[in-house]
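Listed below are the residues making up each chain.
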Amino acid sequence: MESAWQDFGQKVDLTARLREILINYPEGTSILKELVQNADDAKATTIKFCLDYNTYPAGSILSPQMAQFQGPALLAYNDGVFSEKDFQSISRIGDSKKREQIGKTGRFGVGFNAIYHLTDVPSFVSGEHLVVFDPHCKHLPAISAANPGKKINFVTHDLNPSLRDQAAPYQLFGCHASQYFPGTLFRFPLRTQEQADSSTISKQVYKPDKIAGLLQDLNQEATLVLLFLKCIQSIEVLQLMPGHREPELLFSCSVANSSPGLLLQRQLFLHASAAPADEVVAGTYKLDLLSR
């Protein structure tokens, strides 16, 4: 009788769920600020956004279908490293592990997915792992709706030479995709017209000049953003032009009077969150912000 039973149950259409999230999370600098907040929750001290104009070789990649994502991309680096709970959190939609952690205001489970405004295949490197998401389940090899992505430990499983080109776009900010990386580097290949035509997540096309405008808007808001963070001390915006090996700094905003004491004061929110309901927690501090 057991053999007569078939797998059956309610399922969630992942791309449909992501479309719903994009309706509630508008485009614009809110996408970038969500990434800043997530980095702050990871206790990172710096975050860097880089518009990478390069198109990388596609001779040794995960699958032929991944070649289209070797083009221009938005990169987001921070010096925090994913914990196991972070990996679990980012793999869930609307069920973030941050709900269990006092003082963590970002929503890896929902808000992070605003990046699907920009791309269909987000990925990141953190610590010893490379992670690639493919909600459409049509670009990565051997994936399914139950597991729409891939994760690999590149320290124990060398990506060279079989996946040398797949690893190439991540080799910035001290990442070599072959040894432990003390940070996190997200990569969001910009959605092309061809990708938008077949996407069931978004029909929005993002060209590099549109991302450049978005980053310029962030420049106008960076000072205000830093006022409400607990750990981040600097926000930088860079660009990596075709053929260049090192990115060029376009602008930055940083806390000029950073100190261990100031860090404790900025984390007042953490203390307030943990305090009893009838206890008043208050404090003041001075931030000297430097923009250039």
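Before going into details, it helps to say that this report is about the structure given with it. (Residues numbered from 1 in each chain as written. Predicted model: local features only at pLDDT ≥ 70, side-chain atom pairs only at ≥ 80, totals over all residues. Heavy atoms only, no water.)

1. Comments concerning the sheet that holds strand β7 (residues 234-240)
Logical step 1: Pairing within the open sheet is mixed, and its 9 strands lie in the order β5-β4-β3-β6-β2-β1-β7-β8-β9. This sheet does not close on itself; its edge strands, each paired only once, are β5 (149-153) and β9 (289-291). Strand-to-strand, the axes of this sheet are offset by a mean angle of 10°, without reference to chain direction.
Logical step 2: With 6 bridges joining them, strand β1 (residues 46-52) and strand β2 (residues 73-78) adopt antiparallel strand pairing. Within β2, the position partnered with Ile47 by the bridge is Asn78.
Logical step 3: Packing of helix α6 (residues 208-227) onto the sheet brings it into contact with β1, β2, β7, β8 (248-255) and β9, and relative to β8 it is tilted by some 15°. (Pairing = 2+ DSSP bridges. Helix = DSSP H or I, 4+ residues; strand = E, 2+ residues; numbered from the N terminus. Axes fitted to C-alpha atoms, helices over the stretch in contact; angles between N-to-C directions. Contact = heavy atoms within 4.5 Å.)

2. Observations concerning the nonpolar core
Logical step 1: In terms of nonpolar packing, the biggest core is built from 45 residues, with Phe49 and Ile211 touching the most fellow members.
Logical step 2: Examining the composition of this core, we find that 7 residues originate from one element, α6, more than from any other.
Logical step 3: Counting residues in each nonpolar core, the second largest holds 27 residues, with Tyr56, Ala73, Val125 and Ala167 among its members. (Core = buried A, V, L, I, M, F, W, Y, C linked by side-chain atoms within 4.5 Å. Buried < 20%, exposed > 50% of the residue type's maximum accessible area, 1.4 Å probe, protein only.)

3. With respect to the packing of helix α2 (residues 29-41) against α6
Logical step 1: Closest axis-to-axis distance for the α2/α6 pair is 9 Å, and the angle between their directions is 50°. Between α2 and α6, the crossing angle belongs to the class labelled oblique. When you trace α2 past α6, the crossing you get is right-handed. In this structure, α2 contributes Thr29, Leu32, Lys33 and Val36 to the contact, and α6 contributes Leu214, Leu215, Asp217, Leu218, Glu221 and Val225. (Parallel < 35°, antiparallel > 145°, perpendicular 65-115°, else oblique. Left-handed = near helix turned anticlockwise from the far one by under 90°.)

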